Amino acid sequence: MQTISRTYRAGFFWRCLRRLGTLLVLWIWGLLSSSALGLRNSRLEADSKLPIMGLMPINKAAESISEGIIPAVELATEHVHNKFLPNTSKLVLKWYDSECDNAKGLKAFFDGIKYGPKHLMIFGGVCPSITSIIAESLREWNLVQLSFAATTPVLADKKKYPNFFRTVPSDNAVNPAVVKFLKHFHWRRVGTLTQDVQRFSEVRNDLTNELEKADIQIADTESFSNDPCLSVRKLRDNDVRIILGQFDENMAAKVFCCAYNENMYGIKYQWIIPGWYQLNWWKPIASSYCNEKNLLTAMEGYVAVDFEPLSTKEIRTISGLTPQQYKQEYNKMRGSAEYSKFHGFAYDGIWVIATTLQRAMDSLKRLGNPQTIRDFNYMNKELGQIFLDSMNETNFFGVTGQVVFRNGERMGTIIFSQFQDKIEVKVGEYNAIADSLELINNTLRFQGVEPPKDRTIIQPQLRKISLPLYSILSALTVLGMFMSSAFLFFNIKNRNQKLIKMSSPYMNNLIILGGMLSYASIFLFGLDGSFVMPNTFETLCTVRTWILTVGYTTAFGAMFAKTWRVHAIFKNVKMKKKIIKDQKLLIIVGGMLLIDLCILICWQVVDPLRRTVEDYPLEPDPAGRDFAIQPLLEHCENSHMSIWLGIVYAYKGLLMLFGCFLAWETRNVSIPALNDSKYIGMSVYNVGIMCIIGAAVSFLTRDQPNVQFCIVALVIIFCSTITLCLVFVPKLITLRTNPDAATQNRRLQFTQNQKKEDSKTSTSVTSVNQANTSRLEGFQTDNHRLRMKITELDKELEEVTMQLQDTPEKTQYIKQNHIQELNNILSIRNFTDGKDSDKPLMKNQHDSRSQVPWGTTLEPSRTNKDVIEDINSPEHIQRRLSLQLPILHHAYLPSIGGVDASCASPCVSPNASPRHRHVQPSFRVMVSGL
């Protein structure tokens, strides 16, 4: 029993040892297994991280935007992990402060490359200068950079920055939107105003290319550094209505102050400026440049263009949230931190990186590449190219809209806002992907009833003659022509009347014809482009010139000819020998017309009149509408208009001066046979003055067709009417009141030299000076002496006559020898010839006494008184008159328009002369006095 007991104890011991060994092995194995599992888990956790380098100015003093960006990035990372990469990968974003300084930014970048993990991508880049330096070197590092705030157009150069992308649209992205906006309102002419800064100059250059592609005219391109007023004034002077501005907030206030001063605002102008200004940007700087009220007045209605920071469409994004839901979560996470308008682009940027890495992993699996994205290093060009290609394939709807890249540029949404009542109101948006512009109904307000015009709309307006004015003057012209016709009928009907016949009816007919032609030209002068076609107007140019010229020469040439005849007769001392017939006057008028025809024919052949249209300065619309009126005026002109007008004016002017001279010389002539010479002179004066005034005023009113036509027509009507009335109205009155006035003797008055000739005899003796009184007394003494001599000769003549009756055989001898002596004695025409007629009379008396051979003697003892009493006896008077009357008729009739002085016989009957009608009363008195 003891042996069994010992054996049992030994077996139990070894069984315990074996169990303990097994437990120890299991414990050791467990320890080893636990250690291996922990190492595996640790390695798996390290492989799930996707490191991303973040570059952004974090320091507040260096224009930091991090406060508004970091909440959006954290929110995006959380959404990506929860909804897109929940189990396989985890984005790890490590920020490096660039401080918007080139040196510090480069140091931060190289620190991240050297000391940090192998970053798959770079997220960020805000300041243009440091961003461009880093982006240019990315190709050598095989890195792809995605920016959410760099808008400078410089980074759009893919040759220089092939690995650079951005979720925010470039500043140049607004240019296609602006062009689309301009096309929508049919604005085809614009001007640019650019601040002289590289950023704005680059945008302006790209905009210029876009405008040229769209065939939109750039009327003026202005730039400024500090003072924009001169550039604004140049835009106004060049009639730029649509102004595309590129300047910062501070300069914007200056620009609108200048616009207010230059009146470049309101219904005629539209300003389009950048839309990235801060809210109420004008308030801090308004008072620095001009009154805030004036500034707001000029700003009213401007349109601001900028990228859309957050989509307004209620569509679920890649994160499953709508833009509005995201905005609520962002504001909740941001809290009181500073707001940044780039937060939506930063949020979408994280999603762009996540989707790019996911597509890269899918591409590696699809290609069977054993590498993973975790195998990336800065020397791995293959993975770097895969990341670059995956980035270009990005296409999803984010909180900022559809996220698509084209040549590395974000094809985003551009919004249009309008400044209305001190706030900016969204009025439309432009989708760059679809190239479509959508305007919100009834939000865009223009200050006028319609959008402003892109230029001063010029409305051509032909200046034409007013129809009422033309009608009134035409009616006056018709009345004038009726009056001319009445005068013509009167002149023809009464052409055989002495009053009409002695005033040259043929010349009167020419005056009427010229007046009617002048009247007719008024109708042609009033026909312009509103009544006739251009070709017809050219014909009228020639026709009215011919009619007026010929009419003027015909009418006033006839008057000048009649005036010249009066002048030619009464400036010649031997009036009785000056005979000028109507045929000679017709030749004179014909010569004047021939000169006119030569000038007109040469004018028409060498340089004919053409229709020309003259443009006058623009005029504002009288109704206040937004367009200007371009006055157009038709003219009849040719290449050498001044030369031809000079020839015509010179010829007509000389003719007018000659007519005025003749009228002045004959101003005191009043003759029954030419009873209208005074009226013709008055007509010449009137025509001369009116033509000078009319020509001058017509030239000065060249641009006012109504005034010019009115003046020309009134001058023609006045001259023609006054002339015809002065010539014919006195004849009408005289013919009705005194038909025999043409044959009545009137006192002839003609003064050759006012200083040498006596004026009319005054009825008052006290008004006559001593010299004239002595001269009159001398004439009276001579007249009495001559009357005594004639009385003595009458007695001798009576005695001779008695002797002849006693001796008939000697009658023939005495008749032949004494007829000339009697003629000389009795042909005294005027008793005022003075002493010059005394000597011949005495000589003839002496000869008559010495030639009496038959012893008849005079008794010298008898006094003159006895002789006068003797010969005035009734018997002597009856015998004397039987012989004297025929002789006196022969001697005195030529001086009063009777028989010709060449008539040889003193005994011819008065009725035998064709020019003798009856002896006037004054002649009978003269005979009785003898």
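Residues numbered from 1 in each chain as written. Predicted model: local features only at pLDDT ≥ 70, side-chain atom pairs only at ≥ 80, totals over all residues. Heavy atoms only, no water.

Remarks on the packing of aromatic side chains
What counts is decided by this rule: In summary, the pairing rule links any two rings of Phe, Tyr or Trp, Trp by its six-membered ring, whose centres are within 6.5 Å, and it sorts them by plane angle into stacked for under 30 degrees, edge-to-face for over 60 and tilted for everything else. For the purposes of this entry, the term helix denotes a DSSP run of H or I that reaches at least four residues, the term strand denotes a run of E that reaches at least two, and both are numbered from the N terminus. Throughout, exposure labels follow a simple rule: accessible area from a 1.4 Å probe, protein chains only, divided by the maximum for the residue type, with under 20% read as buried, over 50% as exposed, and the rest as partly exposed.
Overall, the coordinates contain 33 aromatic pairs when judged by the stated rule. On the basis of an interplanar angle of 85° and a centroid distance of 5.1 Å, the ring pair of Trp282 and Phe419 is categorised as edge-to-face. Highlighted residues: Trp282 in the loop between β9 (270-274) and α9 (286-289) and Phe419 in strand β14 (residues 413-420), separated in sequence by 137 residues. Residue Trp282 is classed as buried on the basis of its relative accessible area, which comes to 3%. Between Phe307 and Phe345 the ring centres are 5.3 Å apart and the planes differ by 85°, which places this aromatic pair in the edge-to-face class. Residue Phe307 is located in strand β10 (residues 303-307), and its partner Phe345 is located in helix α12 (residues 343-367); the two are separated by 38 residues in the primary sequence. Each member of the pair, Phe307 together with Phe345, is buried. By the ring-pair criterion, three or more aromatic residues cluster together here, those being Phe200, Phe256, Trp271, Trp276, Tyr277, Trp281, Trp282, Tyr302 and Phe419.

Some details on the sheet that holds strand β13 (residues 409-410)
Under the convention used in this document: When DSSP finds two or more bridges between two strands, those strands count as paired.
As summarised here, the arrangement of the three strands in space is β11-β12-β13, forming an open sheet in which the pairing is antiparallel. Looking at which strands have only one partner, the edges of the open sheet turn out to be β11 (395-398) and β13. Pairing geometry for strand β12 (residues 401-406) and β13, over two bridges, is antiparallel. Bridge pairing in β13 links Phe405 to Arg410.

Observations concerning helix α3 (residues 102-115)
Our working definition: To estimate the expected span of a helix, count its residues, drop one, and scale the result by 1.5 Å. Taking the helix axis as origin, the arc is that swept by the directions to the C-beta atoms. Residues are treated as being in contact if the distance between any of their heavy atoms lies within 4.5 Å. As used in this structure description, the phrase polar contact means that two N or O atoms lie within 3.5 Å; if the pair is within protein, one of them must be able to donate a hydrogen and the other to accept it, and residues adjacent in sequence are counted only when both atoms belong to side chains.
For α3, built from 14 residues, the straight-helix expectation of 20 Å at 1.5 Å per residue is met to within 8% by its first-to-last C-alpha distance of 20 Å. When we look at burial in α3, the residues that qualify are Gly105, Ala108, Phe109, Gly112 and Ile113. The buried residues of α3 occupy an angular sector of 135° when projected down its axis, which confines them to one face. Exposed and facing more than 90 degrees away from the buried side of α3 are Ala103, Lys107, Lys114 and Tyr115. Looking at the buried side of α3, the elements it contacts are β1 (49-56), β2 (90-97), β3 (121-124) and α4 (128-141). Backbone nitrogen of Ala103 and a side-chain oxygen of the N-cap are separated by 3.1 Å at the start of α3; the cap is Asp101.

Considerations on a nonpolar patch on the surface
Put simply, the test is: Patches here are clusters of residues that have more than 30% relative accessible area and form no salt bridge, with a 9 Å joining cutoff for like charges and a 5 Å cutoff for nonpolar side chains (Val, Leu, Ile, Met, Phe, Trp, Tyr). Computed with a 1.4 Å probe, the accessible areas rest on the Shrake-Rupley method; for each residue, only the protein chains presented here act as cover. Take a side-chain nitrogen of Lys or Arg and a carboxyl oxygen of Asp or Glu: if they are within 4 Å of each other, that pair is a salt bridge.
A grouping of Ile472, Leu476, Val478, Leu479, Phe482 and Leu714 is seen on the molecular surface, where their side chains present a nonpolar patch of about 560 Å² in accessible area. Ranked by residues supplied to the nonpolar patch, first place goes to helix α14 (residues 467-493) with five residues. Tracing the chain through its elements places Val478 in helix α14. Classification of Val478 by relative accessible area gives partly exposed; the value is 33%.

Quick notes on the state of the cysteines
Selection rule: Disulfides are defined as pairs of cysteine sulfur atoms found within 2.5 Å of each other.
Under the counting rule described, the total for this entry stands at four disulfides. Through a disulfide, Cys229 is tied to Cys258; the S-S separation comes to 1.9 Å. Across the S-S bond of Cys229 and Cys258 the torsion is about -65°, and the bridge reads as left-handed. Residue Cys229 is located in helix α7 (residues 229-237), and its partner Cys258 is located in helix α8 (residues 249-261); the two are separated by 29 residues in the primary sequence. With respect to burial, Cys229 and Cys258 carry one shared label: buried.

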